[in-house]
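Survey of secondary and tertiary structure
Chain by chain, the residues run as shown.
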Amino acid sequence: MDLFNYQRRKSGTVNVGATPLGGSYPIRLQSMTNTSTRDTEGSVEQIKRIVEVGGEYVRLTTQGVAEAENLQHINAALRKDGCMVPLVADVHFNPAVADVAALYAEKVRINPGNYVDPARKFEQLEYTDEEYAQELQRLRERFVQFLQICKKHHTAIRIGVNHGSLSDRIMSRYGDTPEGMVESCMEYLRICMEEQFKDVVISIKASNASVMVRTVRLLVDMMNREGMDFPLHLGVTEAGEGEDGRIKSALGIGALLADGYGDTIRVSLSEAPEAEIPVARKLRDYVTARQLHLPIQAATAPSFDYLHPVRRETKPVHNIGGKQVPVVIAARFSEPYTFNPDFMPDYVYVGRNLPAERRADVQYIVDADAWTGLPNTYPAYKKEFLPFISMNPAPLKFLFITYRNLNEEVLACLKYHPGVVVISQSNHINRVGEQRAVAHKLMTNDLHNPLIFIQHYAEQELEDLQIRAAADMGPLVFDGLCDGIMLYNNGRLTDPVVDQTAFSILQAGRLRMVKTEYISCPGCGRTLYNLEETIARIKAATAHLKGLKIGIMGCIVNGPGEMADADYGYVGAGRGKVSLYKQKQCIEKNIPEEQAVERLLRFIEEDRANR
């Protein structure tokens, strides 16, 4: 896999109804209904809305045999109206439901964590080698029955691993790790290979985008070593809604798309299902536009481990680099300057236009030829002024550089001045490749200067900026290369909104917590309350709790597991009932829905007060 030049991974082709994926087919877009699958009319109408905006597959929850059987009526109603979109059944906990769903859906998703293994108890269980082997044999026997049904009816399958629903059996050997997620998937893929069943798509998801990216990388490596080329479905589960959902999804999915992975994607938003498709299309089209770009001649640094990336070792300078959180640099070129105090940048680059009236709480970066040594101001150099850098007494200096200009002279200067902070910029259509190349050249030459990435845009819509900036930063964040980010948008968006986007990207990558994080599912037919209204109420009451992670889950399927990464959780427990969690521990069960948000807030306040 080439870190610097975009090329799609070669995968096998999977037939899903009349819409194949993988191979030479385009990256497909999909969503999931949030209607009851027993509601034929409601499901059909929602599926049509998803298809109208470009959805190519639609998934429906099938929590029981009745829902699986009703797929027949939903499928027939769609075909009668000329809608040929393939349907995907989503199955948890009951393999018998998967058997029925395979009769009526074009694809069936099963979850290895609960297909044959019982629901997780979150207990420390021990398995002897013999017991573990017996469980694998039981899994194999039951899964082969399902594969035979799928072969007979030409039904594809998705093996969909979720970080939050690894079985206790897998947990006993691998723990809550990317390696455990990969093994959970590989157990099933090996059986598919033995049975010569190739119509298989894989997803391996987490609400933590970093875990998702690392796990998919490990999975592809493992498949390569075992001679497998199954297509990949990409998504960040429980990404949330609004800004958070878009940025977290674009960061994680975009990082993998940049490396050529992905044959179908879903952006999981806690919004109407049809809202997901335009976001997914923008993300796909932005990344795949890099095809046939001019080659980037670069080499991977010997010290870099793509499968187990760690943060690049840098020399700390002021509050930049080392083990410090990445900084945000804002760009301001005309007064009056405006800021959002909740997302205050660490530095402001003003070019040559240092304002006469300066804020005491702002540190300014000024072009070196205009720097006069005023307090809280620091010079920024470009390559042509590099010979003068030694003459400048400033305690902190910046250097704007492109990969093409990172020559032997510049490298020698950086070696002599390890405290110079490098700001990498690129106007290449594959800016990710060039900016990765800058980092790898620094590592290859044993340079430890902090590295900040500047990204230029001209977006008129906030969603476009969020998607593109997050997609560009994803590989740089998850490769461990980022000591800071600088976004500049030459469009109608306000400067504070651009600053907020930069901070939100760092938070989505778990590099810097600046606000409350909400881990919320997108909702489906299993959701037991009004998800969007509930999210809005919880957000309104907890937005001030900076750094806190709150899980908001429609049902129990992935609730406690995905919320293991959250501090507190709100989970649908039954019709009109909610259970509250502290991490994986249930603290109150079956609370009436109308009381649940208030009880959650009260518990958070009491728990934090008792620390």
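Going by the structure above, here's the rest.
None of these values were measured; they are calculated from a predicted model.

What follows is about the sheet that holds strand β3 (residues 28-32). The eight strands are arranged β3-β4-β5-β6-β7-β8-β9-β10 in a closed barrel whose pairing can be described as parallel. Pairing between strand β9 (residues 232-234) and strand β10 (residues 264-265): two bridges, direction parallel. The partner of Leu 234 across the bridge, within β10, is Ile 265. Packing of helix α1 (residues 40-52) onto the sheet brings it into contact with β3, β4 (57-61) and β5 (87-91), and relative to β4 it is tilted by some 150°. Set on the sheet, helix α6 (residues 178-194) makes contact with β6 (107-110), β7 (156-162) and β8 (200-205); between it and β7 the angle comes to about 160°.

Moving on, we come to the pairing of β5. Most of β5 is tucked away, with five of its five residues classed as buried. The alternating pattern of β5 places Leu 87, Ala 89 and Val 91 on one face and Val 88 and Asp 90 on the opposite face, and all of these are buried. Examined bridge by bridge, β4 and β5 share four bridges and lie parallel to one another. For Val 58, the partnering residue across the bridge sits in β5 and is Leu 87.

What follows concerns the pattern of salt bridges. Within the structure shown, the criterion is met by 47 salt bridges. When the shortest N-O distance is used, the salt bridge between Arg 142 and Asp 99 registers 2.5 Å. Remark: Asp 99 occurs in helix α3 (residues 95-104) and Arg 142 occurs in helix α4 (residues 129-153); sequence separation between them is 43 residues. Note that Arg 140 is salt-bridged to Glu 195, the shortest N-O span being 3.1 Å. Remark: Glu 195 occurs in the loop between α6 and β8 and Arg 140 occurs in helix α4; sequence separation between them is 55 residues. Taking relative accessible area as the criterion, Arg 140 reaches 25% and is therefore assigned partly exposed. Look at the salt bridges and you will find they share partners, linking Arg 246, Glu 271, Lys 282, Glu 463 and Asp 464 into a network.

Looking now at the sheet that holds strand β20 (residues 549-553). Across the sheet, which stays open at both edges, the five strands sit in the order β19-β20-β21-β22-β23 with mixed pairing between neighbours. Every other strand in the sheet has two partners, leaving β19 (517-520) and β23 (585-592) as the edge strands with one partner each. Here the average twist between neighbouring strands, direction ignored, is 20°. Alignment of β20 against strand β21 (residues 568-574), held across four bridges, turns out to be parallel. Note on β21: the bridge partner recorded for Ile 550 is Tyr 568.

Okay, the packing of helix α7 (residues 209-225) against helix α8 (residues 242-258) next. Here α7 crosses α8 at 15°, and the two axes come no closer than 9 Å. Between α7 and α8, the angle is such that the two are roughly parallel. Every pair of crossing elements has a handedness; the one defined by α7 and α8 is right-handed. Contacts between α7 and α8 involve Ala 209, Met 212, Val 213, Val 216 and Arg 217 on the former and, on the latter, Lys 248, Gly 252, Ile 253, Ala 255 and Leu 256. Looking at the contact of α7 with α8, its residues break down into seven nonpolar, one polar and two charged.

Right, let's get into the environment of Ala 77. You can see Ala 77 is positioned in helix α2 (residues 65-80). Spatially, the C-alpha atom of Ala 77 lies 7.1 Å from that of Val 44, the residues being 33 residues apart in sequence.

Let us now look at the side chain of Gln 30. Within the secondary structure layout, Gln 30 lies in strand β3. A relative accessible area of 1% places Gln 30 in the buried class. At 2.7 Å, the side chain of Gln 30 forms a polar contact with the side chain of Thr 264. Here Gln 30 is in contact with Tyr 57, Lys 107, Arg 158, His 233, Thr 264, Ile 265, Arg 266, Glu 276 and Ile 277, once residues within four sequence places are set aside.

The full count for this structure, using the stated rule, is 13 aromatic pairs. Between the aromatic rings of Phe 143 and Tyr 188, the centroid separation amounts to 4.9 Å while the plane-to-plane angle is 70°, which identifies the pairing as edge-to-face. Of this pair, Phe 143 sits in helix α4 while Tyr 188 is found in helix α6, placing the two residues 45 residues apart along the sequence. Note on accessibility: Phe 143 and Tyr 188 belong to one class, buried. In this structure an aromatic cluster arises from ring pairing among Tyr 115, Phe 143, Phe 146 and Tyr 188.

Over its 17 residues, α6 extends 24 Å from the first C-alpha to the last, a length consistent with the 24 Å expected when each residue adds 1.5 Å. Taking burial as the measure, the 17 residues of α6 include 13 buried ones, the bulk of the element.

A cluster of nonpolar side chains, namely Phe 385, Phe 388 and Met 391, defines an oily patch on the protein surface of about 320 Å² accessible area. Tracing the sequence through the fold places Met 391 in the loop between β14 (377-381) and β15 (397-401). A relative accessible area of 63% places Met 391 in the exposed class.

The rules we used
Residues numbered from 1 in each chain as written. Predicted model: local features only at pLDDT ≥ 70, side-chain atom pairs only at ≥ 80, totals over all residues. Heavy atoms only, no water. Pairing = 2+ DSSP bridges. Helix = DSSP H or I, 4+ residues; strand = E, 2+ residues; numbered from the N terminus. Contact = heavy atoms within 4.5 Å. Axes fitted to C-alpha atoms, helices over the stretch in contact; angles between N-to-C directions. Buried < 20%, exposed > 50% of the residue type's maximum accessible area, 1.4 Å probe, protein only. Salt bridge = Lys/Arg side-chain N within 4 Å of Asp/Glu carboxyl O. Parallel < 35°, antiparallel > 145°, perpendicular 65-115°, else oblique. Left-handed = near helix turned anticlockwise from the far one by under 90°. Nonpolar A, V, L, I, M, F, W, Y, C, P; charged D, E, K, R; others polar. Polar contact = N/O pair within 3.5 Å; in protein donor to acceptor, adjacent residues only side chain to side chain. Phe/Tyr/Trp six-rings, centres within 6.5 Å; stacked < 30°, edge-to-face > 60°. Expected span 1.5 Å × (residues − 1). Patch = residues over 30% accessible without salt bridge, like charges linked within 9 Å, V, L, I, M, F, W, Y side chains within 5 Å. Areas by Shrake-Rupley, 256 points an atom, 1.4 Å probe, with all protein chains shown as cover.

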